[in-house]
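Report on the structure
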Amino acid sequence: METSYDAIVVGAGPAGSSAAILLARAGWSVALIEASPFPRRKVCGECIAASNLPLLETLGIGPALRQRAGPELRRVALWCGEESITAALPASADGYPPWGLALGREHLDLLLLEQARATGATVLQPCTVAAIHGETHGAGYAVAAATGGGARLLLRAPVVIRAHGSWQPPPVDGTALSRERRPADLLGFKATFRNAALECGLLPVLALPGGYGGMVVASDGLATLACCIRRDRLAACRRDGARPAARAGEAVEALLRRECGLVREALAGAARVGPWLAAGPIRPGVRVASRDGTFLVGNAAGEVHPIIGEGISMALQSAWLLCEELAGSADAFRRDERGEIWRRQIQQRYASRWRSHFSRRMRLAACFAHTAMRPGVAAPLLPLLRVVPALLGIAARASGKTRAAVTLPAAALPGVIQGSPP
Ligand SMILES: Cc1cc2nc3c(=O)[nH]c(=O)nc-3n(C[C@H](O)[C@H](O)[C@H](O)COP(=O)(O)OP(=O)(O)OC[C@H]3O[C@@H](n4cnc5c(N)ncnc54)[C@H](O)[C@@H]3O)c2cc1C
């Protein structure tokens, strides 16, 4: 097996696989390293905003995505207590295709990973990156990894893209992630239900004390229910519940049924398919500017509160922004000894574009999340939303649902991204 590549991508979620596809298409030799075997279910609401569909088409998975995904998402609702306020979702600004979709992550992530392999990336899976070390004189990086069978690998590349998400400890590189448990930590949960009484194409956002969530009909007519709950709220539910020993997911389901009348109705005749999944704590915040010269995309670069369902958008689009900056510079990295300077220049341009596209939606999402979790703040807004439900659609538009951070030239459908050396 080769041990030297132009780029090593750590993590094959939507950010990592799309970066691998784009760089492999641009002629780079790429290793894509993923810790989990696929297909795997993942904590996620599974909604893909319409603005991403042209990108996914260009990445080469459009037909398979459309075949597997649930119905077009045309309406949004706010479910709060016993109340529902509904509005039309805004259509995509480009008009093609106008509406978002929901697709199980066991399908989406597998489609993208297989596309990366088909495009020429070397896929190492299951294989966990343990450490990333900068080499002397800024020449590149040595990446230490272990396969599922226990074999140890050492790979080298001038470019390392960290797409490992934000919920697992990142590979060791000298910056340890704080593992302190805080009462306000938000834990993520997701379960899938058969025969849920949920209108097709409706995307309800749930607001409840100490948490928020969403529900949608995704692949195979199954409904996905996903939410974030504060650690202290969950602990209180498990302490006070009729069955204190219930697993965390079951306590969450009981909480959602109790707090939200429409969830209770939707699940009345439904059967859960598989166990509840849990993840987190989620780590909202911006981390795009790495100090070690590696590049961060997706949740690793910045995590948005999932209340606006834009994490997949930011994963795909941040990978795209970075690859637009990188594409075209592979030869330069191969022959130039000043890799450090190249990396710094690309890093600055990428981080600045990242911030200009995503910072506003991150602030908005934080504002929506903290409002939804606090009944004292949310309650005074409900009378306004009852009179002007269209505000929900305006909030969806402001969250970035209708416009991608990257503009595809018509010729790029389906094609390759163009890039020029810095
Ligand atoms: C409750 C909830 C609901 C959500 N709902 C939505 C929604 O409806 N729509 C939406 O757009 N977003 C939603 N999100 C957010 C979305 O799931 C994430 O933003 C998205 O998955 C980020 O993609 P990523 O590629 O950056 O990371 P991930 O999808 O987390 O992928 C990272 C990958 O890296 C691998 N990895 C990690 N460490 C290593 C290592 N050391 N070595 C090798 N591999 C490694 C992991 O196994 C994983 O496969 C939701 C999130 C939550 C918590």
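Residues numbered from 1 in each chain as written. Predicted model: local features only at pLDDT ≥ 70, side-chain atom pairs only at ≥ 80, totals over all residues. Heavy atoms only, no water.

**A closer look at the overall build of the protein chain**
Within the protein chain, the secondary structure is distributed over 13 helices and 19 strands. Here the protein chain has a C-alpha radius of gyration of 21 Å; the compact-globule value for 422 residues is 22 Å, and the two agree. By principal-axis analysis of the C-alpha atoms, the protein chain measures approximately 65 × 50 × 35 Å. Put simply, of all contacts in the protein chain between residues at least 6 apart along the chain, 73% involve residues at least 24 apart. Of the roughly 17,700 Å² of accessible surface on the protein chain, a fraction of 55% belongs to carbon and sulfur atoms. For the protein chain, the centre of its 48 positive side-chain charges and the centre of its 33 negative side-chain charges are spaced 3 Å apart. (Helix = DSSP H or I, 4+ residues; strand = E, 2+ residues; numbered from the N terminus. Rg over C-alpha atoms; globule rule 2.2 N^0.38 Å. Contact = heavy atoms within 4.5 Å. Areas by Shrake-Rupley, 256 points an atom, 1.4 Å probe, with all protein chains shown as cover. Lys, Arg positive; Asp, Glu negative; His and termini not counted. Charge placed at Lys NZ, Arg CZ, Asp CG, Glu CD.)

**What to know about the site of the ligand**
Of all residues adjacent to the ligand, which total 38 residues, the nearest are Glu34, Gly45, Arg105, Asn299 and Ile312. Contacts to the ligand include Glu34, whose side-chain N or O atom sits 2.6 Å from an oxygen atom. Note that an oxygen atom of the ligand is positioned 3.2 Å from one of the backbone N or O atoms of Gly309. Considered class by class, the residues forming the shell around the ligand number 20 nonpolar, twelve polar and six charged. (Near = heavy atom within 4 Å. Polar contact = N/O pair within 3.5 Å; in protein donor to acceptor, adjacent residues only side chain to side chain. Nonpolar A, V, L, I, M, F, W, Y, C, P; charged D, E, K, R; others polar.)

**Examining the sheet that holds strand β15 (residues 223-230)**
Read across the sheet, seven strands follow the order β5-β4-β13-β14-β15-β12-β16 without closing on themselves; strand pairing throughout is mixed. The open sheet has two edge strands, β5 (83-88) and β16 (271-279), and neither has a second partner. The average undirected angle you get between the axes of adjacent strands in this sheet is 15°. The pairing of strand β12 (residues 186-194) with β15 spans eight bridges and is antiparallel. For Thr192, the partnering residue across the bridge sits in β15 and is Thr224. (Pairing = 2+ DSSP bridges. Axes fitted to C-alpha atoms, helices over the stretch in contact; angles between N-to-C directions.)

**Quick notes on the packing of helix α8 (residues 311-326) against helix α10 (residues 339-372)**
Axis separation between α8 and α10 bottoms out at 9 Å; the angle between their running directions is 155°. By the angle class used here, α8 and α10 are roughly antiparallel. Classified by chirality, the crossing of α10 by α8 is right-handed. In contact with Ser313, Met314, Gln317, Ser318, Leu321, Leu322, Glu324, Glu325 and Leu326 of α8, α10 contributes Ile346, Arg349, Tyr350, Arg353, Trp354, His357, Phe358, Arg361 and Met362. In terms of residue class, the contact of α8 with α10 is built from nine nonpolar, four polar and five charged. (Parallel < 35°, antiparallel > 145°, perpendicular 65-115°, else oblique. Left-handed = near helix turned anticlockwise from the far one by under 90°.)

**Focus on the pairing of strand β11 (residues 159-162)**
The alternating pattern of β11 places Val159 and Ile161 on one face and Val160 and Arg162 on the opposite face, and all of these are buried. Sheet analysis places strand β1 (residues 7-10) next to β11, joined by four bridges and oriented parallel. If you follow Ile8 over to β11, its bridge partner there is Val160. Pairing of β11 with strand β18 (residues 295-296), which is carried by two bridges, proceeds in the parallel orientation. What sits directly across from Arg162, in β18, is Leu296. (Buried < 20%, exposed > 50% of the residue type's maximum accessible area, 1.4 Å probe, protein only.)

**A look at the sheet that holds strand β2 (residues 30-33)**
Pairing is parallel in the open sheet, where five strands are placed in the order β7-β2-β1-β11-β18. The two strands at the open ends of the sheet, each matched to only one other strand, are β7 (122-124) and β18.

**Some details on a nonpolar patch on the surface**
Among the surface-exposed residues, Leu384, Val387, Val388, Leu391 and Ile394 lie close enough to one another that they form a single nonpolar patch of about 430 Å² accessible area. Looking at the nonpolar patch, the elements that each hand over two or more residues are α12 (382-387) and α13 (390-398). Counting through the fold element by element, Val388 comes out in the loop between α12 and α13. (Patch = residues over 30% accessible without salt bridge, like charges linked within 9 Å, V, L, I, M, F, W, Y side chains within 5 Å. Salt bridge = Lys/Arg side-chain N within 4 Å of Asp/Glu carboxyl O.)

**Focus: α8**
Taking 1.5 Å of rise per residue, the 16 residues of α8 would be expected to cover 22 Å, and the 22 Å separating its terminal C-alpha atoms lies within 8% of that figure. Burial analysis of α8 places 14 of its 16 residues in the buried class, which makes it a mostly covered element. One or two steps after α8, the chain reaches Gly328, where phi turns positive at roughly 95°. (Expected span 1.5 Å × (residues − 1).)

**Structural notes on the environment of Gly221**
Mapped onto the elements of the fold, Gly221 is located in the loop between β14 (211-217) and β15. Along the primary structure Gly221 and Thr128 are separated by 93 residues, whereas in three dimensions their C-alpha atoms are 34 Å apart.

**Quick word on empty space enclosed by the protein**
Using the criterion set out here, one finds one cavity of 30 Å³ or more in the structure. If you add up the space inside the largest cavity, you get close to 130 Å³. Along the wall of the largest cavity there are 15 residues; nearest its centre are Ala49, Ala50, Leu89, Gly100 and Lys401. Across the lining of the largest cavity, the residue classes tally to eleven nonpolar, three polar and one charged. (1 Å grid on protein atoms, 1.4 Å probe; cavity = no way out; pocket = protein on both sides within 12 Å on 5 of 7 lines; lining within 4 Å. Points joined across faces, edges and corners; volume = space filled by probe spheres on them.)

**Looking at the confidence of the model for the protein chain**
Taken residue by residue, the protein chain gives an average pLDDT of 89. The fraction at 70 or more is 92%. Every residue in residues 413-422 is under pLDDT 50, and counting partners more than four places away or in other chains gives 27 contacts. (pLDDT = per-residue confidence, 0-100.)

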